[in-house]
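Take a look at the letters that make up each chain.
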Amino acid sequence: MKRFLGFVRKEFLHIFRDPLTMIIIFGIPAVQILLFGFVVSTDLKETKVAFLDLSKDEITRTLSGKICSSGFFELGADLTGYHEAEHVLRKNKIKAVIVFEKDFGRRLISDGTASVHIIADGSEPNMATLITSHISAIIADYNRELAGAGLQQVLLVQPEVRMFYNPTLKGQFMFVPGVITLIMLLICALMTSITITREKEFGTMEVLLVSPLRPAQIILGKVLPYFILSFVDVILILLLSWFVFELPVKGSLALLLAELMLYILMSLSLGILISTVAKNMQQAIFISLVGMMLPTVLLSGFIIPVESMPMPYQWVSKILPPAYFITIIKNIMIKGTGFLYVWKETLFLLVFTLAAIGLSIRNFKIRLQ
Amino acid sequence: MTSREPVITVQNLVKRFGSFVANDNLNFEVYAGEIFGFLGANGAGKTTALRILSGLSAPTSGKVMVAGVDAGRNPERIKRNIGYMCQRFSLYEDLTVTENITLYGGIYGMKRNEIRGKTAALLERLQFGAYGNTLISALPLGLRQKLAFAVAVLHQPKIVFLDEPTGGVDPITRRQFWEMIYETAAGGITVFVTTHYMDEAEYCDRVSIMSEGKIVALDTPAALKKQYGVSSVEEVFVKIARPGQQLIP
C-alpha cells in the first residue's frame, strides 16, 4: 500500500507541475460554463424589433406597447414603409419586423379580424422561431383580453403553452449538463490516455513494469488522481452553476454524485483503453479528440437534440455513452426524477464501463507478452 | 569479487513470436558479483532475452532462474531482487532529484528513514549535494545517467540490468559511469550490461555475443581475443556477430 501511495503522490506532482494540465482540469471547465452560460445564451432578452405601423390607431399602439414592455423585446426602430424592412434586418441589429396592416384597429372592430405580419431574420432559425412564437403569444394574449371585454363575438380556442421544468426557458439548463458531460470525458479520457502513453513514450513504463509494482497498481495509481480531481471539478461546476445561474439540483444530490462517479469511471476506463491502443501521445490525443469529443459534441444531444437528427445519426448516438449520461443528468438535475427513471441508461453505462475495463486488461496483457 | 556461484542460470531458453525465433536455445550462467557483457548486433535478440530475465516477458520454453527464482513461473518475485536501467532515460524530468529517489525507494518498499539516509549518502557520493532540489530536466545528460544508475541500485538488488546505459554520453562521463559499475560490482551486486561500445566490452569480466537469436561466443575478453587471434573485442565482434557477412564475397 505504501508503495502505491508513493506512486500516486508522484502522479499528483506531475499534474500540479504542468501548467497545461492544470488549465485543462480547472481553467477550461470554469471558462466553458461561463462561456456557454452567458455568451451562447439562447434566451430572448430585450431583442430589438422594428414596427411598421400602417394604421397608427389605439389598438396597434397598445399592442406594440405590450410587445415592447414584455421584457423579451425592445423597440429598435419605427419604420415608414416596407422598403425599410429589409434594410433594417440586413443591418443585423434588429431581429424582426412587425407589420400592422392599414386600418388595423377599424377592421378588427368591424370585421372581427385583422392581420399582422411578423418578418423574422431566418438566418438564425432557432432565434427566429423563438421570436415569432413569443410575439404570437403576446398577440394571442391581447386577443383574449379583447374577447373578455366583449369586443369580439367569437371566442377563439387559444392554446396555452407552459414550459415544464424550465418555465423561463433558461439556456443554462441545457448547457450545464452538457458541459459536465463533455468536461468529464475530456479530463478523464483524454488526460489519462495522455499520461499513460507518456510513460510508454519516455520509457519510464518499462522501469515501472520491472519494479515490484503490479501492472494493475500502476494503472490504478495513474488513474486515481484524475478520478479525485474530476470529482472536485464536477462539484465546482455544480456550485458555479448554482451561484451564477441559479440552477439548483432538483433531484437527489446523492444519486447525481453516484451517477457522476459511474460516468467518471467509464471515461477513465475509456482513457486506459485508448492508451493501450495508441503508440504515442499524438495518437492518444487524436483518438480522444476525433473519436470521442467530436461525436459527443455533435451527436449526444448536447447542442442538437437527438430527436431532430437524421436516423443514421440517431443510431450512432444510441451507442454513445455520453448521450445516455446527458439524459441521466438532465433528468436528475432539472426534472428531479429518481433512479427508477434512469436505471436503463445507468445500466448501459455500467455495461459499457465493464466492457472497456475488460478490453483494456486484455490489450495490456497482449502488449506485455 | 567474482565467485563461481551462479545468480542467473539459463537452460535451453527459446522465445518465439509466431514463426519468428527471437531466442534460439540459449544456455549460459552469470556468476554472483561479476560484470557480464551482453553483446550483439541490433535485432540479434538481446532485448528479448533481457525482458525475459527481468520478468517482463515469459519464455516459450526452457528454464530461467534469476536470483533463485523461476522467471517463467514466478516473474513477480524476480522483480524485488533486480534493478533495471534502460537506454531511454528512466527518471521523471518534472520531479526533483530527491523526489525521484524517494519515488523509486518507495516503489521498492524501502522505509522512509532508510530512503532519507540513502538519499543523503548518495548525493554526497555523487557530489550532487547542491542538486537535491533541482528538477531533472535542468541536469546535463551525463549527470542524469549516473543518477539513474544510482537509483537503479538504491534498494540493493542482487542483480542490476543495464540496457545500453551509456548511449549518447560523452567519453569522460562514460569513464565515470564505468567506475560506478565497478564499485557496484565490488559491493556484491551482479551487473548485467548490454552495450554497443566495444571498448566497454573490454571492461567486462565476461562477455557473450549473440547473433540471430543464438549465443555464438561466451568467455572472458582475453580468452575471446586469443581464440580468434585478434587484438580487441571489437574485431571478435565483427568476425562473428554480423549475420550474412560470409555471403558477401
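Residues numbered from 1 in each chain as written. Chains lettered and ligands numbered in written order. Predicted model: local features only at pLDDT ≥ 70, side-chain atom pairs only at ≥ 80, totals over all residues.

Caption draft 1: Expanded view of the overall build of chain A. Regarding its fold elements, chain A presents 14 helices and four strands. Split into buried and exposed, the 369 residues of chain A put 34% on the buried side. For chain A, contacts bridging at least 24 residues in sequence account for 75% of all contacts bridging at least 6. (Helix = DSSP H or I, 4+ residues; strand = E, 2+ residues; numbered from the N terminus. Buried ≥ 20, exposed ≤ 12 C-beta atoms within 10 Å, placed from the backbone. Contact = placed C-beta atoms within 7 Å.)

Caption draft 2: The arrangement of the overall build of chain B in detail. Along its length, chain B carries nine helices and ten strands. The globule rule puts the C-alpha radius of gyration for 249 residues at 18 Å, and the 19 Å found for chain B is close to it. Based on the C-alpha atoms only, the size of chain B along its principal axes is roughly 60 × 40 × 35 Å. Sequence-distant contacts, at least 24 apart, represent 69% of the contacts inside chain B between residues at least 6 apart. (Rg over C-alpha atoms; globule rule 2.2 N^0.38 Å.)

Caption draft 3: A look at the interface of chain B and chain A. Each side of the interface is counted separately: chain B has 20 residues, and chain A has 21 residues. Those elements giving two or more residues to the side of chain B that touches chain A turn out to be β6 (82–85) and α3 (97–107) of chain B. A per-element tally of the side of chain B that touches chain A places α3(B) first, with four residues. The residue inventory of the side of chain B that touches chain A, partitioned by class, reads ten nonpolar, five polar and five charged. (Nonpolar A, V, L, I, M, F, W, Y, C, P; charged D, E, K, R; others polar.)

Caption draft 4: Layout of the sheet that holds strand β2 (residues 73–79) of chain A. Residue and element names in this part refer to chain A. With mixed pairing, the four strands of this open sheet are ordered in space as β2-β1-β3-β4. Because the sheet does not close on itself, it has two edges, and the strands there are β2 and β4 (116–120). Strand-to-strand twist in this sheet, taken as the mean axis angle between neighbours without regard to direction, amounts to 25 degrees. Pairing analysis gives five bridges linking strand β1 (residues 47–53) to strand β3 (residues 96–100), with the strands arranged parallel. If you follow Val-49 over to β3, its bridge partner there is Ala-96. Each of β1, β2 and β3 touches helix α3 (residues 58–68); the most contacted strand, β2, lies at about 140 degrees to it. (Pairing = 2+ DSSP bridges. Axes fitted to C-alpha atoms, helices over the stretch in contact; angles between N-to-C directions.)

Caption draft 5: Local environment of the domain arrangement of chain A. Structurally, chain A comprises domain 1 (14–40 + 170–368) and domain 2 (47–148). The C-alpha centroid of domain 2 of chain A is placed 46 Å from the C-alpha centroid of domain 1 of chain A. (Domains from an automatic or database assignment.)

Caption draft 6: Structural view of the pairing of β2(A). Residue and element names in this part refer to chain A. One ladder, built from six bridges, connects β1 with β2; its direction is parallel. The residue bridging Ala-50 from the neighbouring strand is Ala-77, located in β2. On the question of chirality, the crossover connecting β1 to the parallel β2 by way of α3 is right-handed. (Right-handed = clockwise from strand over helix to strand, strands pointing away.)

Caption draft 7: Main features of the pairing of strand β7 (residues 159–163) of chain B. Residues and elements named next belong to chain B. Judged by how many residues are buried, β7 sits mostly within the fold: five of five residues are covered. Here β7 shows two buried faces, one formed by Ile-159, Phe-161 and Asp-163 and the other by Val-160 and Leu-162. Each parallel crossover has a hand, and the one from β7 via helix α6 (residues 171–186) to strand β8 (residues 190–194) is right-handed.

Caption draft 8: Structural detail: the packing of helix α9 (residues 215–245) of chain A against helix α10 (residues 253–277) of chain A. All names here are of chain A. Running from N to C, α9 and α10 cross one another at 140 degrees; their axes reach a closest spacing of 10 Å. Here α10 runs oblique to α9, going by the angle between their axes. At the point where α9 passes α10, the crossing takes the right-handed sense. For the pair α9 and α10, the contacting residues are Ile-219, Val-223, Tyr-226, Phe-227, Ser-230, Phe-231 and Val-234 in the first and Leu-260, Ile-264, Leu-268 and Ile-272 in the second. A breakdown of the residues in the contact of α9 with α10 according to their chemical character gives ten nonpolar, one polar and no charged. (Parallel < 35°, antiparallel > 145°, perpendicular 65-115°, else oblique. Left-handed = near helix turned anticlockwise from the far one by under 90°.)

Caption draft 9: Broad picture of the confidence of the model for chain A. Summary statistics for chain A give a mean pLDDT of 81 and a share of 90% for residues scoring 70 or more. Taken element by element, chain A is modelled with least confidence in helix α6 (residues 125–148) of chain A, mean pLDDT 78, and with most confidence in α10(A), mean pLDDT 90. (pLDDT = per-residue confidence, 0-100.)

Caption draft 10: Spatial organisation of unusual backbone geometry. All names here are of chain B. Positive phi outside glycine occurs at Ala-67, with the angle close to 50 degrees. Relative to the assigned elements, Ala-67 resides in the loop between β4 (61–66) and β5 (69–70). In this model, Glu-212 sits at a positive phi of 45 degrees, which is unusual for a non-glycine residue. The residue Glu-212 is located in the loop between β9 (206–211) and β10 (214–219) in this model. C-beta crowding within 10 Å serves as the criterion here: with 16 such atoms nearby, Glu-212 is assigned to the partly exposed category.

Caption draft 11: Representation of the environment of Met127(A) within the structure. Residue and element names in this part refer to chain A. Within the secondary structure, Met-127 is located in helix α6. On the neighbour-count criterion, Met-127 (17 C-beta atoms within 10 Å) is partly exposed. A C-alpha to C-alpha distance of 8.1 Å links Met-127 and Leu-44, two positions 83 residues apart in sequence.

Caption draft 12: Representation of the confidence of the model for chain B. Averaged over every residue, the pLDDT of chain B is 86; residues scoring 70 or more account for 94%. Least confident of the elements in chain B is helix α9 (residues 233–241) of chain B, whose mean pLDDT is 82; most confident is β8(B), at 94.

Caption draft 13: Looking closely at the environment of Ile357(A). Its place among the elements puts Ile357(A) in helix α14 (residues 343–368). Distance in space between the C-alpha atoms of Ile357(A) and His87(A) is 60 Å, their sequence separation being 270 residues.

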